[in-house]
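# Understanding the architecture of this molecule
Now for the letters of each chain:
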Amino acid sequence: MSLPITTLYALPLILIWAPLWMRITVVRAELKQSIGDGGNPQLLLRIRQHGNFIEWVPFTLILMVLAEAQGTPGLWLHITGALIVIGRLVHPFGLKIDNGAHPLRYVGNTANLLAMLSLLVALARIVLGW
């Protein structure tokens, strides 16, 4: 089974994931901190930026696979994919320790929520036969 649309959006997400992971690894090596954040705010921030990505992306991609495999229209999937990529791209820049109301955090979270809502509706349409 070919899933070209989901794959198209998985690729940039990999490119976003890699630097988020690498930024943690670099600070861990500098601090010699194997587990946890060691009380270092910079490491804590990077862990959360990466963690938030990991909390959203795998589940979203699984739902996209389910939707695409069951015939959800391409435009619907492209909108959903674009939303999750935009959300995951901007969110780390808005996730600040000293500013919980940073605009990019809101943009990122809103894009993620809209992507998830889109998938909820797409899958509900399939299951309910709408």
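Residues numbered from 1 in each chain as written. Predicted model: local features only at pLDDT ≥ 70, side-chain atom pairs only at ≥ 80, totals over all residues. Heavy atoms only, no water.

Quick look at the overall build of the protein chain now. Across its full length, the protein chain holds 4 helices and 0 strands. The N-to-C order of helical and strand elements in the protein chain reads α-α-α-α. In terms of overall dimensions, the protein chain has C-alpha extents of about 55 × 30 × 20 Å along its principal axes. Here the protein chain, with 130 residues, has 38% of them falling under the buried criterion. Sequence separation of 24 or more characterises 67% of the internal contacts of the protein chain that already satisfy a separation of 6 or more. Charge separation in the protein chain, taken as the distance between the mean sites of 9 positive and 5 negative side-chain charges, equals 1 Å. (Helix = DSSP H or I, 4+ residues; strand = E, 2+ residues; numbered from the N terminus. Buried < 20%, exposed > 50% of the residue type's maximum accessible area, 1.4 Å probe, protein only. Contact = heavy atoms within 4.5 Å. Lys, Arg positive; Asp, Glu negative; His and termini not counted. Charge placed at Lys NZ, Arg CZ, Asp CG, Glu CD.)

Here we take up helix H4 (residues 103-128). The end-to-end C-alpha distance of H4 is 37 Å, a good match for the 38 Å that 26 residues give at a rise of 1.5 Å each. Turning to H4, its buried residues number three or more, namely Gly 108, Ala 111, Asn 112, Ala 115, Met 116, Ser 118, Leu 119, Ala 122 and Leu 123. The elements touched by buried residues of H4 are helix H2 (41-69) and helix H3 (74-94). Phi for Gly 129, located one or two positions after H4, is positive at around 75°. (Expected span 1.5 Å × (residues − 1).)

Attention now goes to the pattern of salt bridges. Within this structure, the stated rule accounts for 1 salt bridge. Linking Arg 48 and Glu 55 is a salt bridge whose minimum nitrogen-to-oxygen distance equals 3.0 Å. (Salt bridge = Lys/Arg side-chain N within 4 Å of Asp/Glu carboxyl O.)

Attention now moves to the packing of aromatic side chains. For the structure shown, the criterion picks out 1 aromatic pair. Note on Trp 17 and Trp 21: the rings are 5.9 Å apart at their centroids and 10° apart in plane angle, and the pair reads as stacked. Here Trp 21 and Trp 17 lie together in helix H1 (residues 4-31), a separation of 4 residues that amounts to about one turn. (Phe/Tyr/Trp six-rings, centres within 6.5 Å; stacked < 30°, edge-to-face > 60°.)

Between H2 and H4, the shortest axis-to-axis distance is 10 Å and the interhelical angle comes to 30°. Taken together, the axes of H2 and H4 are roughly parallel relative to one another. Judged by the sense of rotation from one axis to the other, the crossing of H2 with H4 is left-handed. Listed contacts from H4 to Trp 56, Phe 59, Thr 60, Leu 63, Met 64, Leu 66 and Ala 67 of H2 are Asn 112, Leu 113, Met 116, Leu 119, Leu 123 and Ile 126. A breakdown of the residues in the contact of H2 with H4 according to their chemical character gives 11 nonpolar, 2 polar and no charged. (Axes fitted to C-alpha atoms, helices over the stretch in contact; angles between N-to-C directions. Parallel < 35°, antiparallel > 145°, perpendicular 65-115°, else oblique. Left-handed = near helix turned anticlockwise from the far one by under 90°. Nonpolar A, V, L, I, M, F, W, Y, C, P; charged D, E, K, R; others polar.)

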